[in-house]
Number of protein chains: 2
Amino acid sequence: MSTTDASKRTPLDRDAIVRAGIELADAEGVGVLTMRRVADHLGFKAMALYNHISSKEDLLKAMLDAIATEIDEPPPECEPMQAIRQHAIATRDAFLRHPWAAGLWGVTMPGESRTAHIEYLLSVLARSDLDAETAHDGFHAINNHVLGYSMQEQALTVLFAGRGIESLVNEFQETAPVDRFPHTNAHLQEHLDGNTSTSFELVLDLILEGLARVSKDRTSHTA
Amino acid sequence: MSTTDASKRTPLDRDAIVRAGIELADAEGVGVLTMRRVADHLGFKAMALYNHISSKEDLLKAMLDAIATEIDEPPPECEPMQAIRQHAIATRDAFLRHPWAAGLWGVTMPGESRTAHIEYLLSVLARSDLDAETAHDGFHAINNHVLGYSMQEQALTVLFAGRGIESLVNEFQETAPVDRFPHTNAHLQEHLDGNTSTSFELVLDLILEGLARVSKDRTSHTA
DNA sequence: TGTCAGAAACGTACGTTGTACGTTGTTCGT
DNA sequence: ACGAACAACGTACAACGTACGTTTCTGACA
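Residues numbered from 1 in each chain as written. Chains lettered and ligands numbered in written order. Predicted model: local features only at pLDDT ≥ 70, side-chain atom pairs only at ≥ 80, totals over all residues. Heavy atoms only, no water.

**Some words on the interface of chain B and chain A**
On the side of chain A, 57 residues touch chain B, which itself brings 57 residues to the contact. Taking the shortest distance from any N to any O, the salt bridge between arginine 213 of chain B and glutamate 209 of chain A comes out at 3.9 Å. For the pair chain B and chain A, the number of links is 16 residue pairs in polar contact (both at pLDDT 80 or more). Contributions of two or more residues to the side of chain B that touches chain A are made by helix 3 (56-69), helix 6 (112-126), helix 7 (132-153), helix 8 (155-159), helix 9 (165-175), helix 10 (182-193) and helix 11 (199-222) of chain B. (Contact = heavy atoms within 4.5 Å. Salt bridge = Lys/Arg side-chain N within 4 Å of Asp/Glu carboxyl O. Polar contact = N/O pair within 3.5 Å; in protein donor to acceptor, adjacent residues only side chain to side chain. Helix = DSSP H or I, 4+ residues; strand = E, 2+ residues; numbered from the N terminus.)

Spelled out as structure tokens, the structure:
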């Protein structure tokens, strides 16, 4: 209680709050992330957070931004298509580490680091062989693949972070009986069997090759 | 007030609630969708809803399911790749009509109609020329494109449904100054100029052609 | 036509959320 | 040593989802 109290906690700054938010969201899901819980986790009361962040929305934005900083950029000498590939894979890895992030990525305003993440992909596309129009479309095609794949991939993990996977599967099969939805159930089974691990990169390459081909078509037709 | 009251309202059933929810979400965004507001909109009190739906989550699920029923399936005689194309376009059109839906699609458990929507795409893929593995990957590639594209497309529309577009753009350009993020700002400008209207179908075709090519490669290598 | 059971609507109320506001404590430049 | 600036706290409030008990309506059968 005195000023010489040995267990004096560190004085709480923005980064610590953001880190705690990410930790909690990783562990329990972002759906149950609460200001009071974040504060508890740090040993403070809820309102203490507001000296360092302006709102919960601000916190979530900062959390997503922090995740963007985890995504390494390939070295500058890396050739464009390879760089895009690695960058996409690194982005997906980040979403694997933070399963709640993908679902928020698309519906939240980007902060500075996320903007840098966007800028990187666009800059590599700009120095690639793709024409400007294909580069624009390619940006979305790649982003959509990475984000969409990550979301679907962990939908089951995230939907209800609490209970086990089989409870989720059972609930789904209740509304989707095998006899009426055979393909859907077969597809789900393929996922549960887990022999789809290379499909992310496969479709990614499919898109990259397709972009190169489209650009070649477009520029040759124009010429 | 008496039993002969002329303005006697209709007695409130599940469908009416779901419709009201969709109407409100379309008009004001799903972020401010409230049980009390849905009830008000129908001329009832909040708790009356619970005679017909079991929870807010149930309502949202039903709303998304209702949107799935708006998506027409191409006629059975339609050849597979054409059917997939039309179906994807119809799905995106539905997301255009209901800007809030795409963001929830990926993080919500599908109901019966959404399951039918999934089943349709899988069934068409199954009767296409694609091998089973490519069909599996193609399902995700197509879904991710449609969903991801729709989300990004209306991110600005949805993020804050209240204020005008230029207020949003200004806020963004505050965290992303043109000199530090030239490509990002140029990309944004391309969107604001609106000459990207055909890119959805272009990338869609790119994916479909890519899938056909991958499948041909795979089956020829195996043979 | 009278009655009565079940469904539908209502009112009230509780726990939880984000956060505004006023107060207290702590730190640091002078 | 002292006062300003800032950090943490406690209290409090409005809005949310929804549990529960009560009232009102309706329609099947006597």
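So, next bit.
**Some words on the relation of the copies chain B and chain A**
The transformation that overlays chain B on chain A combines an axial shift of 0.0 Å with a rotation of 180°, and the residual RMSD is 0.1 Å. On the angle and the small slide along the axis, the relation comes out as a two-fold axis. Of all interface residues in chain B, 100% are interface residues in chain A too; the two copies therefore contact each other through one and the same surface. (Least-squares fit on C-alpha atoms with pLDDT ≥ 70 in both.)

**Examining helix 2 (residues 35-42) of chain A**
Residues and elements named next belong to chain A. The set of residues buried in helix 2 consists of Met35, Val38 and Ala39. For helix 2, the angular spread of the buried residues around the axis is 95°, confining them to a single face. Structural note: helix 2 exposes Arg36 and Asp40 on the side pointing more than 90 degrees away from its buried face. Following helix 2 by one or two positions, glycine 43 adopts a phi angle in the positive range, close to 85°. (Buried < 20%, exposed > 50% of the residue type's maximum accessible area, 1.4 Å probe, protein only. Arc of directions from axis to C-beta.)

**Examining the protein's contact with DNA strand C**
Around DNA strand C, a shell composed of 18 residues is seen, among which Arg36, Tyr50 and Lys56 of chain A together with Pro11 and Lys45 of chain B lie nearest. Here DNA strand C approaches the protein such that, of its atoms within 4 Å, sugar and phosphate make up 55%. In the model, a phosphate oxygen of DNA strand C is placed 3.2 Å from a nitrogen or oxygen of the threonine 34 of chain A side chain. Note that a base nitrogen of DNA strand C is positioned 2.7 Å from one of the side-chain N or O atoms of arginine 36 of chain A. Here the surface near DNA strand C is composed, by residue class, of nine nonpolar, four polar and five charged. (Near = heavy atom within 4 Å. Nonpolar A, V, L, I, M, F, W, Y, C, P; charged D, E, K, R; others polar.)

**Re the protein's contact with DNA strand D**
Taken together, 19 residues form the shell around DNA strand D, and within it Pro11 and Lys45 of chain A together with Arg36, Tyr50 and Lys56 of chain B come nearest. Each atom of DNA strand D within 4 Å of the protein was classed as base or backbone; sugar and phosphate made up 56%. Measuring from a phosphate oxygen of DNA strand D, one finds a side-chain N or O atom of threonine 34 of chain B at 3.0 Å. Between DNA strand D and lysine 56 of chain B there is a distance of 2.7 Å, counted from a phosphate oxygen to a side-chain nitrogen or oxygen. Of the residues assigned to the surface near DNA strand D, the class counts are nine nonpolar, four polar and six charged.

**Quick notes on the packing of helix 1 (residues 14-28) of chain A against helix 3 (residues 56-69) of chain A**
Residues and elements named next belong to chain A. For the pair helix 1 and helix 3, the least separation of the axes is 9 Å and the interaxial angle reads 80°. By the angle between their directions, the pair helix 1 and helix 3 is classed as roughly perpendicular. For the pair helix 1 and helix 3, contact is made by Arg14, Ile17, Val18, Gly21, Ile22 and Ala25 and by Asp58, Leu59, Ala62, Met63, Ala66 and Ile67, respectively. Across the contact of helix 1 with helix 3, the residue classes break down as nine nonpolar, one polar and two charged. (Axes fitted to C-alpha atoms, helices over the stretch in contact; angles between N-to-C directions. Parallel < 35°, antiparallel > 145°, perpendicular 65-115°, else oblique.)

**Overview of the packing of aromatic side chains**
Counted by the stated rule, this structure contains four aromatic pairs over all chains. Consider the rings of phenylalanine 95 of chain A and tryptophan 105 of chain A, whose centres lie 5.0 Å apart with planes at 85°: the pair is edge-to-face. Linking phenylalanine 95 of chain A in helix 4 (residues 80-97) with tryptophan 105 of chain A in helix 5 (residues 101-105), this pair joins segments that are ten residues apart in sequence. Taken individually, phenylalanine 95 of chain A and tryptophan 105 of chain A each receive the classification buried, so the pair is uniform in this respect. Summarising the aromatic geometry, the rings of tyrosine 149 of chain A and phenylalanine 200 of chain A are spaced 5.1 Å apart at their centres and angled 65° between planes, so their arrangement reads as edge-to-face. Of the two residues, tyrosine 149 of chain A is situated in helix 7 (residues 132-153) and phenylalanine 200 of chain A in helix 11 (residues 199-222); the sequence distance between them amounts to 51 residues. By relative accessible area, phenylalanine 200 of chain A is classed as buried at 1%. When the ring centre of phenylalanine 200 of chain B is taken as origin, the NZ or CZ atom of arginine 92 of chain B, which lies over that ring, is 4.7 Å away. (Phe/Tyr/Trp six-rings, centres within 6.5 Å; stacked < 30°, edge-to-face > 60°. Lys NZ or Arg CZ within 6 Å of the ring centre and 35° of its normal.)

**A short note on the domain arrangement of chain A**
Residue and element names in this part refer to chain A. For chain A, the domain assignment lists domain 1 (14-53) and domain 2 (72-222). For domain 1 versus domain 2, the distance between C-alpha centres works out to 29 Å. Facing five residues of domain 1, the contacting portion of domain 2 comprises six residues. Between domain 1 and domain 2 lies a buried interface of about 420 Å² when both sides are counted; carbon and sulfur atoms form 73% of it. The largest per-residue losses of area from domain 1 upon contact with domain 2 belong to Ile22, Asp26 and Val30, which jointly make up 74% of the total buried on that side. Inspection of the domain 1/domain 2 interface yields zero salt bridges. Its residues assigned to classes, the side of domain 1 that touches domain 2 shows three nonpolar, no polar and two charged. (Domains from an automatic or database assignment. Buried area = accessible area lost by both parts, 1.4 Å probe.)

**Quick notes on the side chain of serine 215 of chain A**
All names here are of chain A. Looking at where serine 215 falls in the secondary structure, it is placed in helix 11. The class for serine 215 is buried, based on a relative accessible area of 3%. Side-chain polar atoms of serine 215 contact the side chain of aspartate 131, separated by 2.7 Å.

**As for the confidence of the model for chain A**
Of the residues in chain A, 92% have a pLDDT of 70 or more, and the chain-wide mean is 90. Confidence drops under a pLDDT of 50 for residues 1-8 of chain A, and excluding neighbours within four residues, the segment shows one contact in the predicted structure. (pLDDT = per-residue confidence, 0-100.)

**Some words on the pattern of salt bridges**
Pairing between side chains of opposite charge can happen when their charged atoms approach one another. All names here are of chain B. Considering all chains together, one arrives at 22 salt bridges over all chains under this definition. Two residues, glutamate 70 and arginine 97, come together in a salt bridge whose shortest N-O distance is 3.2 Å. Here glutamate 70 is found in the loop between helix 3 and helix 4 (80-97), whereas its partner arginine 97 is found in helix 4, with 27 residues between them in sequence. The salt bridge involving arginine 218 is made with aspartate 137; its shortest N-O contact spans 3.3 Å.

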